[in-house]
Amino acid sequence: MRATTIHAPFDLRVEDVPDAVIKDSTDVVVRVLRACVCGSDLWAYRGESARQPGQRIGHEFLGIVEEAGADVTGFATGDLVVAPFVWSDGTCDYCAEGLHTSCPRGGFWGSVGSDGGQGEAVRVPFADGTLVKLPADAASDDHLLTALLALSDVLGTGHHAALGAGVRKGSTVAVVGDGAVGLCGVLAAKRLGADRIIALGRHTARTDIARAFGATDVVAERGDAAEAAVRELTGGQGAHAVIEAVGTEQSMRTAVAITRDGGSIGYVGVPHGSGTGVDLSVMFDRNIALRGGVAPVRAYIPELLPDVLDGTIDPSPVFDLTVGLDGVPGGYRAMDERTALKVLVKP
């Protein structure tokens, strides 16, 4: 089969690789119908996170079950399924608690020795604990398939951030970051009943999506100017709930600065290129809570799926460039150069 591999910074290739095959009785093989490029993939692309030459890449996909191991009970050949961005056994204490990302037998797609989502097929370990079945007729609905793909990562991650930030009915929310996760954070905040949503971003194409997703205000400034703008919009108090979806020291400092005393920050931006960025004394004095981390999206898919299926929420606008498998390297370039928000891959 063919799949995307990474060999060095900025060196992505689409190559022939060994076919995805059943290795354990709890595996299935999924033929990929939709995949995409994540902003976190760019850290490997830029050389800021280590990868072995030839390692697979990509962790968001949905597709059709091609083959199922003998001990798989929940899926059969022909089922349409979506995969969260980590696999998990579904039986450990962490999985039972909804923290599938801490499963001791779990792992990330594209890790050494595993298939990546940006390819023609993927071997899925612990299929019963990992995959979620989708309605069969969704396979023929191009728009719906694209919306459902967001369940594999960005929609659940935005939801995780909103929960961590304590978004509730009537609250004022600020979202730091205008990437796909930040935009899905806007969507999640609206879904949870936020009354006012302030999106921080300076790219009009992205902030237009934020407004469509429910943002009531847009702040284009950064740093101290962003803090001043948010405080002006909130009568000097700041936001009850702040979503941090970037992961830099500056973005976290901004998040702390614009949080209302007694408020919370939900952070899901993958930390990169910085130290802590958090002044604990400021957070202590102002009773600011910090919650978040890697999102256990497997726990959220059953809750979010019905709203995607009936159109209550539609995350598909975050995908603004579509490529075939051969176009994946160019898709990475487009995202790295910020000419694309999030690249959809149709193998």
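Here, every reference points to the structure presented above.
Every value quoted in this text rests on a predicted model; they were computed, and no experiment measured them.

### Notes on the sheet that holds strand β2 (residues 11-16)
Stage number 1. On the basis of which strands lie adjacent, the open sheet formed by three strands has the order β2-β1-β4 and antiparallel pairing. Of all the strands in the sheet, the pair left with one neighbour each is β2 and β4 (55-56).

### What to know about the pattern of salt bridges
Stage number 1. Within the structure shown, the criterion is met by 20 salt bridges.
Stage number 2. Here glutamate 60 makes a salt bridge to lysine 342, at a shortest N to O gap of 3.1 Å. With a gap of 282 residues between them, glutamate 60 in the loop between β4 and β5 (61-68) and lysine 342 in the loop between α12 (328-336) and β18 (343-346) connect regions that are remote in the sequence. The same class applies to glutamate 60 as to lysine 342, namely buried.
Stage number 3. When salt bridges with common partners are traced through the structure, they connect Asp24, Asp27 and Arg123 into a single cluster.

### Concerning the pairing of β2
In the case of a regular strand, side chains alternate between the two sheet surfaces.
Stage number 1. Across six bridges, the pairing between strand β1 (residues 2-8) and β2 is antiparallel. When the bridges of β2 are listed, threonine 5 appears paired with arginine 13.
Stage number 2. In this structure, the hairpin formed by β1 and β2 is closed by a connection of two residues, where phenylalanine 10 is found at a positive phi of approximately 65 degrees.

### Quick look at helix α8 (residues 223-233)
Each full turn of the α-helix corresponds to 3.6 residues, which orients residues three or four apart in the same direction.
Stage number 1. By the burial criterion, the buried members of α8 are Ala226, Ala229, Val230 and Arg231.
Stage number 2. For α8, the elements touching its buried residues are β12 (196-200), β13 (217-219), α9 (249-257) and β15 (259-267).

### A look at the state of the cysteines
Stage number 1. If you walk through the whole model with that rule in mind, you get zero disulfides.
Stage number 2. The thiol of cysteine 95 is not disulfide-bonded; the next cysteine sulfur, from cysteine 92, is found 3.6 Å away.
Stage number 3. There is no disulfide at cysteine 103, and the cysteine sulfur nearest it, in cysteine 92, is 3.9 Å away.
Stage number 4. We classify cysteine 103 as buried; its relative accessible area is 7%.

### A word on the packing of α8 against α9
Stage number 1. Running from amino to carboxyl end, α8 crosses α9 at an angle of 25 degrees, the nearest separation of the two axes being 9 Å. Classified by the angle between their axes, α8 and α9 sit roughly parallel to one another. The two elements α8 and α9 meet at a crossing, and its hand is right-handed. Taken together, the residues of α9 that come into contact with α8 (itself represented by Gly223, Ala226, Glu227 and Arg231) are Gln250, Thr254 and Ala257.

What counts as what
Residues numbered from 1 in each chain as written. Predicted model: local features only at pLDDT ≥ 70, side-chain atom pairs only at ≥ 80, totals over all residues. Heavy atoms only, no water. Pairing = 2+ DSSP bridges. Helix = DSSP H or I, 4+ residues; strand = E, 2+ residues; numbered from the N terminus. Salt bridge = Lys/Arg side-chain N within 4 Å of Asp/Glu carboxyl O. Buried < 20%, exposed > 50% of the residue type's maximum accessible area, 1.4 Å probe, protein only. Contact = heavy atoms within 4.5 Å. Disulfide = S-S within 2.5 Å. Axes fitted to C-alpha atoms, helices over the stretch in contact; angles between N-to-C directions. Parallel < 35°, antiparallel > 145°, perpendicular 65-115°, else oblique. Left-handed = near helix turned anticlockwise from the far one by under 90°.

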